[in-house]
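Spelled out from the first residue to the last, the chains are:
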2 protein chains.
Amino acid sequence: MIIAKFGGSSLAGAHQFNKVKSLVQNNPNRTHIVVSAMGKDEANPVKLTDELIALYDNRANDELAAEHFERIKVRLLTLKKDLALTVNLDYQLEDFYRNLNHLSYAECVSRGEYFTAQLMAEYLGYQFVDAIDFLVLNQNQVDLKSSQEKFAALNLQDTPCVFPGFYGLDNQGNMQLMPRSGSDTSGSVIANLLDADLYENWTDVAGIKAADPRLIDNPKRIEQLTYDELQELAYMGLSVFQEDAIKPIKDKNIPTRILDTNHPDALGTTICNEFSNQLITGLVGQQNYTIIHIKKFSLSRDYSNFVEIFKLMSDLSLAVSYTFSGKDHIDLIVESSQLNKNKALLFDKLQTLFPTDCQITLKEDISLIAAVSDKFSAKPYLVSDLIEQLNQNEIDVQFVNQSSTDVKVLFGVKNDDYIKALQLLYNYVEKKEKINLI
Amino acid sequence: MIIAKFGGSSLAGAHQFNKVKSLVQNNPNRTHIVVSAMGKDEANPVKLTDELIALYDNRANDELAAEHFERIKVRLLTLKKDLALTVNLDYQLEDFYRNLNHLSYAECVSRGEYFTAQLMAEYLGYQFVDAIDFLVLNQNQVDLKSSQEKFAALNLQDTPCVFPGFYGLDNQGNMQLMPRSGSDTSGSVIANLLDADLYENWTDVAGIKAADPRLIDNPKRIEQLTYDELQELAYMGLSVFQEDAIKPIKDKNIPTRILDTNHPDALGTTICNEFSNQLITGLVGQQNYTIIHIKKFSLSRDYSNFVEIFKLMSDLSLAVSYTFSGKDHIDLIVESSQLNKNKALLFDKLQTLFPTDCQITLKEDISLIAAVSDKFSAKPYLVSDLIEQLNQNEIDVQFVNQSSTDVKVLFGVKNDDYIKALQLLYNYVEKKEKINLI
């Protein structure tokens, strides 16, 4: 059984629905389909979801609200007409608009997936199954155990279905949205609940690239990678696959493919638990971090110091991306944009916490680069080779962190060196792989 | 003005006192002397301090107590006689023994330094100044500010003095000991209080070695190093100079020399704020650590997780030597001997803290190796070179951590690889320095 999830661009109009239908009909195992809301195409520059957000934001303004609703209605009914479908959307849409002022944000914005899924269900001749009937969310995170119980009761194992992605119900019965790109997670959860043989994630790109194409010329496609590697890539900002979507497929070891609806024969990227052929799977990075360096004699001797530091970060809602600590210091690596909102306050509070003999220094404009690979423990020379590349080319490496339990090596460099460093590392890896030193 | 501190072996008997006197007389700037308690020599296999500890422990046993006291008395009075001194030790000793049952541990054990200092003061013709008159301790740590105030009131700037090391008074007026080897700290504090030009630390070794002579054949002497480098070496177990002694000299940038009373012309080691000539200053390590690896999906997303983890470590009195954390894991590096006392409890508590989806794994039998150098930022290739040495020789590197704000690179290796790894690194550095690649 294959769970196939289609993203918004694969659903942008009749032409795209057509492609989806061909794909589904080409493989009888594609029995459970998950859809996002209609995306944008040339004729429609705004995604259905963004239109719904604008509608909600302007619900108190009759004129603006009417404009947004009109575009939503036209878009959906045009598709219905183009595909010669009969589902009673007209009534549902009017009812939705009439009730708008009683709807929560989630109830409004989720209608993109809701209506798109109904259209797809009729178009494929599959059963429409609403996500609120089984998908349980707890603070925007999927509660797999509760979802499993509800899903089993629906008994959908042998029924071809279409599910709307992106939303579910919390334990109090309120509709909740997942983070943006949540349909990846809906698909992944359904693949988990059904113990699928394969989870296909159909997008508008033929798989995941080994580096950011805006920074690296024509980076190679990653043919295959592990869940852990994907997780590191997703954490560092890879947008092709939502981070939260990884756990459900990883837990059940469900092979997952990232594919392109517009080029269905392109190989895409496969995520599974097997080792791949490449030396380095991906090189990803993020700019604009700050290293908060707290140095105090014997900082780690008093057990409570770290507790107090992390409490403070928590009080200021400062997410600490990475930390490294030793006897007399701790480095907290945070996003500069987050820090800047609270910089003065943080300094104040740290000063109160450590009134004497404590140096607090900030290293700003730092970029993080992660080289992700499942080969670091088998080929330990990789780490020194990568550092050497940076050193030889006068990249000022701010820190290096690597652990043998980890599928990544993390480098800190200056923002100014970021692109150069990424390119150096990419070119090095490419050359190394070409001369077959793998 | 020079503050000269003499360790126990430099004070073990009349012969050693003689050497100290020559040294002091050879340089008229050696006006402020700090002494440990008499150490051991061939005739006396037990240090005076250990004899005092045994006396205190056996104070309820008249027979044993009398034996220990007798040895203490004989030792001190023999020295007094050998040096033809007149200080009234006989009465003080009898008084001390009579009051033994009313004395605190600190009041008993500190008498080694107290009596030794009185003998030295008369022998040199210097004034004896008791540490309780100025040295303020707060939970066994020196309170520099309060000490400064009390010391200034004594007005000792131009008076040649002898001070006993190792103890002081807390704010409640109770005597307190410093950690063992605390006389290093007493000397360092007095150097700070007097704004000394130089702090001489006279021991029985001619300076600090670049590696442990038990593991490395004839390691070179470190000619010069910075306070920060010394601190890293001390933290990793270097015993020549007490870790707590570094802050007072570093704060006032007081050059410090580690010298050998028995070979006063040997150059020893100089600690100051200037860059040295060597590539790597020292290679030190410690065995028997455990890496507690806590892996949980999005561990760092919930701010309170780290707070709870460190609280738990604190509740279990588990000192965390190093930590590294990323989005979904934290590595806590602790001494195995500490962990083993509480391993089951720690697992229980972590399980309670993270009841689902959390993997806790222990990597035991880990050794830490620190390469200490002030050259890492100027010569970044050093880091990759060192890692390469380990990799090429099939040392399984468990983790690498380096930060450009740091004067060390920290490696984790298996206990079984510890000595080999240290030797490899030492030989590499030695060769590199010989061929003048510095």
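Being a predicted model, the structure only gives us computed values, none of them experimental.

S.K.: What should I look at first to understand the overall build of chain A in this one?
M.R.: Across its full length, chain A holds 14 helices and 18 strands. Against the 2.2 N^0.38 benchmark of 22 Å for 438 residues, chain A shows a C-alpha radius of gyration of 24 Å, consistent with a compact globule. Projected onto its principal axes, the C-alpha coordinates of chain A cover approximately 70 × 55 × 40 Å. Put simply, 74% of the contacts in chain A that link residues at least 6 apart link residues at least 24 apart.

S.K.: What's the story with unusual backbone geometry in this structure? I'm lost.
M.R.: Most peptide bonds take the trans configuration, and most residues that are not glycine carry a negative phi. One non-glycine residue, A:Asp365, lies in the positive phi region at around 55°. Here A:Asp365 lies in strand S16 (residues 358–372). The phi dihedral of B:Asn155 is positive, around 55°, even though this residue is not glycine. Following the sequence through the fold, B:Asn155 ends up in the loop between helix H7 (144–154) and strand S6 (161–164).

S.K.: Could you clarify how one ought to interpret the UniProt feature "domain: Aspartate/glutamate/uridylate kinase" (unreviewed entry) in chain A in this entry?
M.R.: Within this numbering scheme, the UniProt entry marks residues 2–260 of chain A as carrying the feature "domain: Aspartate/glutamate/uridylate kinase" (unreviewed entry). In residues 2–260 of chain A, helix accounts for 43% and strand for 17%; the two terminal C-alpha atoms are 16 Å from one another.

S.K.: I'm lost on the environment of A:Tyr303 in this one. Help?
M.R.: Tracing the chain through its elements places A:Tyr303 in the loop between strand S13 (282–296) and helix H11 (304–315). Taking the C-alpha atoms as reference points, A:Tyr303 and A:Asn342, separated by 39 residues in sequence, lie 26 Å from one another. Excluding residues that lie within four positions of it along the chain, A:Tyr303 makes contacts with B:Ser314, B:Ser317, B:Leu318 and B:Ala319.

S.K.: Is there a simple way to explain the sheet that holds strand S1 (residues 2–6) of chain B in this structure?
M.R.: Whenever strands of a sheet pair, they do so through backbone hydrogen bonds, lying parallel or antiparallel. Residues and elements named next belong to chain B. Spatial strand order, S3-S6-S2-S1-S9-S11-S12-S10: eight strands in an open sheet with mixed pairing. Taken across any chain shown, the strands that pair with only one partner, and hence form the sheet edges, are strand S3 (127–128) and strand S10 (224–225). In terms of strand pairing, S10 meets strand S12 (residues 269–271) through two bridges, oriented parallel. Counterpart to Gln-224 in the pairing with S12 is Thr-270. Of the strands in this sheet, S1, strand S2 (30–35), S6 and strand S9 (198–203) touch helix H8 (residues 182–193), which is tilted by about 165° from S9.

S.K.: Looking at this structure, I do not really get the relation of the copies chain B and chain A. What am I missing?
M.R.: Note on the chain copies: they are related by a rotation about an axis and a translation along it. In screw terms, the move from chain B to chain A is a rotation of 180° and a rise of 0.0 Å along the axis, fitting with an RMSD of 0.1 Å. Taken together, the turn and the small shift mark the pair as related by a two-fold rotation axis. When the interface residues of chain B are mapped onto chain A, 100% of them again fall at the interface, so both copies present the same face.

S.K.: Sorry if this is basic, but what is going on with empty space enclosed by the protein here?
M.R.: Left-over empty space is what a probe sized like a water molecule reveals as it rolls over the atoms. Tallied over the full model, the rule gives nine cavities of 30 Å³ or more. Size it by volume and the largest cavity reaches roughly 90 Å³. In this structure, the largest cavity is lined by A:Ile387, A:Asn391, A:Asp396, A:Val397, A:Val400, B:Phe376, B:Ser377, B:Pro380, B:Val383, B:Gln402 and B:Ser404. Taken together, the residues that form the lining of the largest cavity break down as six nonpolar, four polar and one charged. A volume near 70 Å³ is recorded for the second largest cavity. Lining the second largest cavity are A:Ser403, A:Ser404, A:Thr405, B:Ile291, B:His293, B:Phe324, B:Asp331, B:Ile333, B:Lys363, B:Gln398 and B:Phe399. Every element with two or more residues in the lining of the second largest cavity is listed here: strand S13 (282–296) and strand S15 (329–335) of chain B. Grouping the constituent residues of the lining of the second largest cavity by class yields four nonpolar, five polar and two charged.

S.K.: Just checking my understanding: could you explain the packing of helix H13 (residues 381–392) of chain A against helix H13 (residues 381–392) of chain B for this structure?
M.R.: A pair of packed helices can be characterised by two numbers: the angle between their axes and the separation between those axes. Relative to each other, H13(A) and H13(B) sit at 160°, their axes nearing to 9 Å. Viewed along their axes, H13(A) and H13(B) adopt a mutual orientation that is roughly antiparallel. In the crossing of H13(A) with H13(B), the sense of the turn from one axis to the other is left-handed. On H13(B), the residues touching A:Tyr381, A:Val383, A:Ser384, A:Ile387, A:Glu388 and A:Asn391 of H13(A) are B:Tyr381, B:Val383, B:Ser384, B:Ile387, B:Glu388 and B:Asn391.

S.K.: Just checking my understanding: could you explain the pairing of S15(B) for this structure?
M.R.: Strand residues, when the strand is regular, have side chains that alternate between the two faces of the sheet. Residue and element names in this part refer to chain B. The element S15 is largely enclosed, with a buried count of six among its seven residues. Here S13 pairs with S15 via seven bridges, running antiparallel. In the strand pairing of S15, Ile-294 is matched with Ile-330.

S.K.: What exactly am I supposed to notice about the packing of aromatic side chains here?
M.R.: Both the distance between ring centres and the angle between the ring planes are used here to describe each pair of aromatic rings. Counted under the stated rule, the structure contains 31 aromatic pairs over all chains. Between A:Tyr56 and A:Tyr105, the ring centres sit 5.3 Å apart and the planes meet at 80°, which makes this aromatic pair edge-to-face. One end of the pair, A:Tyr56, is in helix H2 (residues 48–57); the other, A:Tyr105, is in helix H5 (residues 105–109), with 49 residues separating them in the sequence. Residue A:Tyr56 is classed as buried on the basis of its relative accessible area of 13%. With 4.9 Å between their ring centres and 70° between their planes, B:Phe134 and B:Phe151 make a pair best called edge-to-face. Pair noted here: B:Phe134 is in the loop between S3 and strand S4 (136–138) and B:Phe151 is in helix H7, with a separation of 17 residues, a long-range link.

Conventions used here
- Residues numbered from 1 in each chain as written.
- Chains lettered and ligands numbered in written order.
- Predicted model: local features only at pLDDT ≥ 70, side-chain atom pairs only at ≥ 80, totals over all residues.
- Heavy atoms only, no water.
- Helix = DSSP H or I, 4+ residues; strand = E, 2+ residues; numbered from the N terminus.
- Rg over C-alpha atoms; globule rule 2.2 N^0.38 Å.
- Contact = heavy atoms within 4.5 Å.
- UniProt positions renumbered as here; feature names shortened; annotations may be inferred.
- Pairing = 2+ DSSP bridges.
- Axes fitted to C-alpha atoms, helices over the stretch in contact; angles between N-to-C directions.
- Least-squares fit on C-alpha atoms with pLDDT ≥ 70 in both.
- 1 Å grid on protein atoms, 1.4 Å probe; cavity = no way out; pocket = protein on both sides within 12 Å on 5 of 7 lines; lining within 4 Å.
- Points joined across faces, edges and corners; volume = space filled by probe spheres on them.
- Nonpolar A, V, L, I, M, F, W, Y, C, P; charged D, E, K, R; others polar.
- Parallel < 35°, antiparallel > 145°, perpendicular 65-115°, else oblique.
- Left-handed = near helix turned anticlockwise from the far one by under 90°.
- Buried < 20%, exposed > 50% of the residue type's maximum accessible area, 1.4 Å probe, protein only.
- Phe/Tyr/Trp six-rings, centres within 6.5 Å; stacked < 30°, edge-to-face > 60°.

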